[in-house]
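# Structural description and commentary
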Amino acid sequence: MKRLRVAVQKSGRLNEDSLRLLKDAGISIDNGKEQLKAASGNFPLEVLYLRNGDIPQYLRDGVVDVAIIGENVLVEKGKDIIIAEKLAFSKCRVSLAVPKSARYNGIEDFQGKKIATSYPNTVTEFLTKNGISADLHIINGSVEIAPNIGLADAICDIVSSGSTLFKNNLKEVEVMLQSEAVLAVSPLISSERKEILSKLQFRIQSVLRARK
Ligand code: PRP
Ligand code: MG
């Protein structure tokens, strides 16, 4: 039997809510999370637990058929990938922040500055659109620490509750993008699996309606 291959974040903010969505859609997954692949016993689907940043490429290559992923990751790495459904959880924004003590006059303040970020494409596009060029310092996590250790003048990262910014004495000064979890689809999905996908979408849509 063919199964729809669904990528879910292995660990992190989206993991739990993604699995809850499937569960609420009546799809049970046998969860040994140590296994990176788990099949459903009551729906033709298997879940692959993957690293967020790898998912756009897996979709592009058709290694997975669909993914539950943050829109922010697609904006950064998968602009070519189609969004089938917005899922209304894991809402966040991608923002620029500077030290609380810094005076901020506007985007032009970023000219020539050093910005630490895990979102180089998103920030470059935003700054270029505003005629600004800055010096990017690309790191994969704990971005907010950079200004405090003299690594950068500013940061660009995800803001959700704002508590990470607050704890690191930073203030949000520009919101570049609003994001939420989405259902993304591989351009290479087969027609057979597309049929399973429409059944999945039908179930997801009724879950989302019921949650409103
Ligand atoms: C994410 C993100 C921010 C923080 C935002 O980091 O990179 O740092 O969450 O959330 P908040 O506004 O609610 O504080 P995460 O904790 O996932 O760790 P990482 O950056 O090391 O990957
Ligand atoms: Mg972080």
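Keep in mind it's a predicted model, so treat the numbers as computed, not measured. All residue numbers refer to positions counted from 1 along the written sequence of the respective chain. Key to labels: chains lettered from A, ligands numbered from 1, both in the order written. Only residues with pLDDT of 70 or above have their local features reported here, since the model is predicted, and side-chain atom pairs are shown and tallied only from 80 upward, although totals for entire chains, interfaces and linings are computed over all residues.

Right, let's get into helix α4 (residues 120-129). Taken as a whole, α4 has its buried residues at V123, F126 and L127. Projected onto a plane normal to the axis of α4, the buried residues spread over an arc of 95° and lie on a single side. In α4, the exposed residues that point more than 90 degrees away from the buried face are T128 and K129. On its buried face, α4 is in contact with β7 (114-117), β8 (135-138), β9 (154-159) and β10 (170-179). Helix and strand assignments come from DSSP, with helices taken as H or I runs of at least 4 residues and strands as E runs of at least 2, each series counted from the N terminus. G131 sits one or two residues past α4 and shows a positive phi near 70°. The exposure scheme places C-beta atoms from the backbone and then counts, for each residue, the other C-beta atoms within 10 Å of its own, assigning buried at 20 or more, exposed at 12 or fewer, and partly exposed in between. Comment: arc refers to directions from the helix axis out to C-beta atoms. Note on contacts: residues are paired as contacts if their backbone-placed C-beta atoms lie within 7 Å.

With that settled, consider the sheet that holds β7. Any two strands between which DSSP finds at least two bridges are classified as paired. Taking strand neighbours across the sheet as the criterion, the five strands line up as β8-β7-β9-β6-β10 in an open arrangement whose pairing is mixed. Two strands bound the open sheet, and with one partner strand each, they are β8 and β10. The average undirected angle you get between the axes of adjacent strands in this sheet is 25°. Note that strand β6 (residues 92-99) and β10 share eight bridges and pair antiparallel. Residue pairing for β10: V98 is matched across the bridge by K171. For every element, the axis is a line fit to its C-alpha atoms; helices are fit only across the contacting stretch, and the angle between N-to-C directions ranges from 0 to 180 degrees. α4 rests against β6, β7, β8, β9 and β10 of the sheet, and its axis sits at about 100° to β10.

Turning our attention to the site of ligand 1. Among the 14 residues in the neighbourhood of ligand 1, the closest are listed as G141, I158, S160, S161 and T164. Within the residue set of the shell around ligand 1, elements represented by two or more residues are β9 and α5 (163-167). With three residues, the single largest contributor to the shell around ligand 1 is β9. Amino acids outside the nonpolar list (Ala, Val, Leu, Ile, Met, Phe, Trp, Tyr, Cys, Pro) and the charged list (Asp, Glu, Lys, Arg) are all regarded as polar, and Gly is one of them. Of the residues that constitute the shell around ligand 1, the class distribution is three nonpolar, eight polar and three charged. Contact assignment follows one rule, namely that a residue is near a molecule or strand if its backbone-placed C-beta atom lies within 6 Å of it.

With that settled, the discussion passes to the pairing of β9. When β6 meets β9, the two strands line up antiparallel, connected through five bridges. Looking across to β9, one finds that S95 is bridged to D157. Taken together, the three bridges between β7 and β9 define a ladder with parallel strand orientation. Across the sheet, residue A116 finds its bridge partner in β9, namely I155.

This part is about the sheet that holds strand β4 (residues 66-70). Strand order in the open sheet formed by six strands is β2-β3-β1-β4-β11-β5, with mixed pairing between adjacent strands. Of all the strands in the sheet, just β2 (37-39) and β5 (82-86) have a single pairing partner and so form its edges. Across the sheet, the axes of successive neighbouring strands diverge by a mean angle of 30°, strand direction being ignored. Two strands pair when backbone bridges link them, and β5 and strand β11 (residues 181-185) are joined in this way by four bridges, in the antiparallel orientation. Counted as the bridge partner of I83 is A184 from β11. Packed onto the sheet, helix α6 (residues 191-211) meets β1 (4-9), β3 (45-50), β4, β5 and β11 and runs at close to 50° relative to β1.

So, on to the domain arrangement of the chain. Where each domain starts and ends comes from a domain assignment, either automatic or drawn from a database. Its domain assignment divides the chain into domain 1 (4-90 + 180-211) and domain 2 (92-179). Placing the centre of domain 1 and that of domain 2 at their C-alpha centroids yields a distance of 29 Å. Per-element accounting of the side of domain 1 that touches domain 2 gives the leading share, four residues, to helix α3 (residues 71-77). Broken down by class, the residue content of the side of domain 1 that touches domain 2 amounts to one nonpolar, three polar and three charged.

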